[in-house]
Structure formats: C-alpha cells, structure tokens
Amino acid sequence: MLHQLGSEVGTKSCVLLKFFSVVKAKADEETAAKAAARTTDKSSPTIFDKIVKKEIPATIVYEDEKVLAFRDINPQAPVHVVLIPKDRDGLTQLSKSDPRHKDILGHLLYSVKVIADQEGLTDGYRVVINDGPNGCQSVYHLHLHILGGRQLKWPPG
Ligand code: AMP
C-alpha cells in the first residue's frame, strides 16, 4: 500500500517536473526572442553565417549551391532540421522579403520536400518559420524549421 502510494507520488512529481520544465523552456525561448529582437543589429552576421562558412561545426544534412540544412542544436522533435539560404541577402526574416527573393523562397520550400524525403518523413512533418519577437525568432537569418518523426500537436502554443 505504502509502496503503491510512494510510486504514485513519484509519478505525479515526474509529471509536474516535466510540466514546469516545459513552461520554463517556453518562457526562456520567449525571453531569448525578445532579447534578440531588441539587441540584434539585424544586418550583422549571425551564428548561421558561421555555420555556412564552416567556422563552427554543425551536422549538415543537405547542401546545394543556394541552401544549407543542419540539425537543430536543441531539437523539438526526433527530426528537427534548420534550413537556411546560404546568402542571407537581406532576408533577416520572412517579413523582410521582397520580389527579388521569390526564387530563393521557392528553392527553400522545394528543398524542404527533398530533405523530408531524405529524412524518411513519410507520415508527414511540419515546416515552421518564426518571424520577429511574437513569432519567437531568435536568429535573424531567415530559416525554416522542419519537424517530424513524432505526432505533432495543433494548435501550437
Ligand atoms: P528561431 O527561434 O526560429 O530563430 O530558431 C533558431 C534555431 O536555431 C533554434 O531552434 C536553435 O536551437 C537553433 N540553433 C541556434 N544555434 C544553433 C547551432 N549552432 N546549431 C544548430 N542549431 C542552432
């Protein structure tokens, strides 16, 4: 009886701990996004430029002359790939795009399909572009998140 009670309390504590760590992670992401929006000189190079130049390591999963895709350092799903244009060309975020970017935007979207096939995401996946502080964007170099490998929930938070 005591043993059963103990294990029940243990299970509930685990669920509560998990809940609070998710809440904390979400709060951290929002804080980071707000800080990035406030302090980032949007035209200065980002960590993604360093990845493009191979100055810092990343697990690259796809590359062609225009785009680069690598595994997210803080994955939110079994498959979490970040896809970027190699040349940012003013595309700090999607909302800064203009007509000259139509080709690269199309190229990025088609690359998502190629990468999803390569990653074996046959049951579906999600493509996310976070834009600005309300979108929780933390890196000001346009990027698409490709998430898959588990059942994703809707609506997002
Ligand atoms: P966002 O919050 O939409 O701006 O997404 C930025 C993403 O970049 C986050 O999911 C980070 O985990 C990811 N990230 C940041 N630095 C790196 C890195 N060095 N390698 C791989 N992913 C990174």
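All of these numbers come straight from a predicted model, not from anything done at the bench. (Residues numbered from 1 in each chain as written. Predicted model: local features only at pLDDT ≥ 70, side-chain atom pairs only at ≥ 80, totals over all residues. Heavy atoms only, no water.)

*Asks:* What am I meant to see in the pattern of salt bridges here?
*Replies:* A side chain with one charge can pair with a side chain of the opposite charge if their charged atoms come near. Considering all chains together, one arrives at six salt bridges under this definition. Across the pair R100 and D89 runs a salt bridge, and its minimum N-O distance is 3.0 Å. Pair noted here: R100 is in the loop between β3 (79–85) and α3 (102–118) and D89 is in the loop between β3 and α3, with a separation of 11 residues, a long-range link. Across the pair D117 and K113 runs a salt bridge whose closest N-O atoms are separated by 2.8 Å. Remark: K113 and D117 occur in helix α3; sequence separation between them is four residues, near one turn of the helix. (Salt bridge = Lys/Arg side-chain N within 4 Å of Asp/Glu carboxyl O. Helix = DSSP H or I, 4+ residues; strand = E, 2+ residues; numbered from the N terminus.)

*Asks:* Sorry if this is basic, but what is going on with unusual backbone geometry here?
*Replies:* If a residue is not glycine, its phi is most likely negative; likewise, a peptide bond is most likely trans. With an omega of 0°, the peptide bond between W154 and P155 qualifies as cis. Structurally, the position occupied by P155 is in the segment after β5 (144–148). In this structure, K54 is a non-glycine residue whose phi angle is positive, near 60°. Residue placement: K54 occurs in the loop between α2 (47–52) and β1 (60–63). Overall, K54 belongs to the partly exposed group, its relative accessible area being 47%. In this structure, C136 takes a positive phi of about 65° despite not being glycine. Mapped onto the secondary structure, C136 falls in the loop between β4 (125–128) and β5. (Buried < 20%, exposed > 50% of the residue type's maximum accessible area, 1.4 Å probe, protein only.)

*Asks:* Just checking my understanding: could you explain the site of the ligand for this structure?
*Replies:* Residues in close proximity to the ligand total 15 residues, the closest being D72, N130, S138, H143 and H145. Within the backbone of V139, an N or O atom sits 3.0 Å from an oxygen atom of the ligand. Here the ligand, which alone exposes 500 Å², has 84% of that area covered by the protein. When each cavity is represented as a set of grid points, the ligand is found to reside in the largest pocket. The set of elements that each furnish at least two residues to the shell around the ligand consists of α2 and β2 (67–71). No other element matches the three residues that α2 contributes to the shell around the ligand. Class assignment for the residues of the shell around the ligand results in seven nonpolar, six polar and two charged. (Near = heavy atom within 4 Å. Polar contact = N/O pair within 3.5 Å; in protein donor to acceptor, adjacent residues only side chain to side chain. Areas by Shrake-Rupley, 256 points an atom, 1.4 Å probe, with all protein chains shown as cover. 1 Å grid on protein atoms, 1.4 Å probe; cavity = no way out; pocket = protein on both sides within 12 Å on 5 of 7 lines; lining within 4 Å. Sits in = over half its atoms within 2 Å of the grid points. Nonpolar A, V, L, I, M, F, W, Y, C, P; charged D, E, K, R; others polar.)

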